[in-house]
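# Coordinates in review
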Amino acid sequence: MVTHWVLSLVNGCFAMGAGRFSLCPAITVAIGAGLSLSAMAGPFTVGDVSVDASGSSAQQAQARALATGQSIALSRLYKKLTLESDHAQLPAVEAGDLERLVRSYEVARERHSSQRYIADLTVHFDPDGVRRALRSAHIPFAETESPSRLVLPLLESDGALRLWEEPNPWRDAWHGIGWRHHLVNLVLPYGELEDLTTVSAEQARNGDANALSAVADRYSARETLVALARLESGGGVGVTATRHVGDESTIVFSRHIAAVPNTATTLRQAALTMAETLESDWKLANLVDFSSLSTLDVSTKLTGLENWLSIRQRFDSMSQLAGTQIVSLSRSEAQLTLRYYGALGSLSDALDSRGLSLIDDGGGGWRIETKDVATPLPEPDQNLPEQASAPAAMDRPAAAVSAADGETDPEEDLLFE
């Protein structure tokens, strides 16, 4: 039986101060089974943290495991938001940091005995606290999540193309890299009947804009990545990723991956290298430059109080914004001055990731429009393979996490309650 323990903060009220919107939190504790906090997921969430600890009692084992897991999660979060070149300078994780920065956590796949505790954690951190920690360490960071990118793993071997066909070890490799809780949002299609009839392997290779846009729309993705892998006679693989947005296409990754002991491992390394490179490029383009401060006058149409409060909350979550001044406010429109760090393009990306579009009206003015937030497609019905479904999460492989992360594998001889 899986038990979820959830410690959560509820945003209890809005406050305005120093020209910046802020949230007034009220603390609650909720304990229950199957409580979903999907709405809290985002750049400051780290999941799939496996913990395994022992102690003189069940309570001590659990306390050690939870403390260790939250420490590992904070270390991973720092790395998630920063460039690899800055990882050596990241702040050390102290016990006091966890008390200040952990906003909530969830426990899944919990098992325990009288002296041992094993579980998987998802930890949600306080955004403002994490930002302050990285800024105090003078480390640039990115927190803007990319739009959803639908990955089409296209395999070329012996002159034949495989996309939906079985076997496709390249598609299996993408499923195996466990790509979750990253700034670059990569999703995989299920390969259902409608997918097969929407885009073929040849259309994907040729960059058929209509077919690629149609399959992306099925999964509420903004763009598609045709990830082409060519198996080579020496055991290596050449991989290329082409980004398609409407009629535009751009090669965003191209590399040769040397052969390792077997083809499956080589392809998995190729998928991981491609995903990590895309993530690194995204971070580099979206680092918050706190040395540059600019202002921008914008307007936004309002449909009511709820719409206005939603926009305020989205502004508050942006580290790119140094402040927001209300110039005028009516029932139907707000005129604002935004003070922002870094480049205008980074501000636009940050707004976009929060469901807001920054639009040049062509007359020297700017406006912000609220976009419709895409809702996940329903889960697939096993009896109806043609039914549309949500993008497949790149699930974490069932392999053990390295001991360097402070995690160990469960021993099979332990009897769990």
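Residues numbered from 1 in each chain as written. Predicted model: local features only at pLDDT ≥ 70, side-chain atom pairs only at ≥ 80, totals over all residues. Heavy atoms only, no water.

### Quick word on the overall build of the protein chain
In terms of regular secondary structure, the protein chain is built from ten helices and 16 strands. Split into buried and exposed, the 417 residues of the protein chain put 44% on the buried side. Counting only contacts in the protein chain whose residues sit at least 6 apart along the sequence, the fraction spanning at least 24 positions is 66%. Working note: accessible area of the protein chain is about 20600 Å², and carbon and sulfur atoms make up 50% of it. (Helix = DSSP H or I, 4+ residues; strand = E, 2+ residues; numbered from the N terminus. Buried < 20%, exposed > 50% of the residue type's maximum accessible area, 1.4 Å probe, protein only. Contact = heavy atoms within 4.5 Å. Areas by Shrake-Rupley, 256 points an atom, 1.4 Å probe, with all protein chains shown as cover.)

### Overview of the packing of aromatic side chains
According to the stated counting rule, one finds three aromatic pairs in the structure shown. Judged by centre distance (5.7 Å) and plane angle (40°), the rings of F141 and F290 are tilted. Here F141 is found in the loop between α3 (127-136) and β6 (149-157), whereas its partner F290 is found in the loop between α8 (263-285) and β12 (293-301), with 149 residues between them in sequence. Exposure remark for F141: the relative accessible area of 0% places this residue in the buried category. Assessed through its relative accessible area of 24%, F290 is described here as partly exposed. Ring geometry for F290 versus Y341: centroids 4.8 Å apart, planes at 65°, classification edge-to-face. In this pair, F290 sits in the loop between α8 and β12 while Y341 sits in strand β14 (residues 333-341), placing the two residues 51 residues apart along the sequence. (Phe/Tyr/Trp six-rings, centres within 6.5 Å; stacked < 30°, edge-to-face > 60°.)

### A look at the packing of helix α1 (residues 58-81) against α3
Helix-helix packing: each pair is described by the crossing angle between the helix axes and the interaxial distance. The contact between α1 and α3 brings their axes to 12 Å, and the two run at 70°. Taken as axis vectors, α1 and α3 run roughly perpendicular relative to one another. Considering how the two elements wind past one another, α1 and α3 form a crossing that is right-handed. For the pair α1 and α3, the contacting residues are L77, Y78 and L81 in the first and V130, A133 and L134 in the second. (Axes fitted to C-alpha atoms, helices over the stretch in contact; angles between N-to-C directions. Parallel < 35°, antiparallel > 145°, perpendicular 65-115°, else oblique. Left-handed = near helix turned anticlockwise from the far one by under 90°.)

### Some points on the pairing of strand β9 (residues 223-231)
Extensive coverage of β9 is indicated by the burial of seven of its nine residues. Here eight bridges tie β6 to β9, and the two strands are oriented parallel to one another. Counted as the bridge partner of P153 is A227 from β9. Note that β9 and strand β10 (residues 237-245) share eight bridges and pair antiparallel. Within β10, the residue paired with R230 across the bridge is G238. Where β9 folds back onto β10 in an antiparallel hairpin, the turn is made up of five residues, including G235, whose phi is positive at roughly 100°. (Pairing = 2+ DSSP bridges.)

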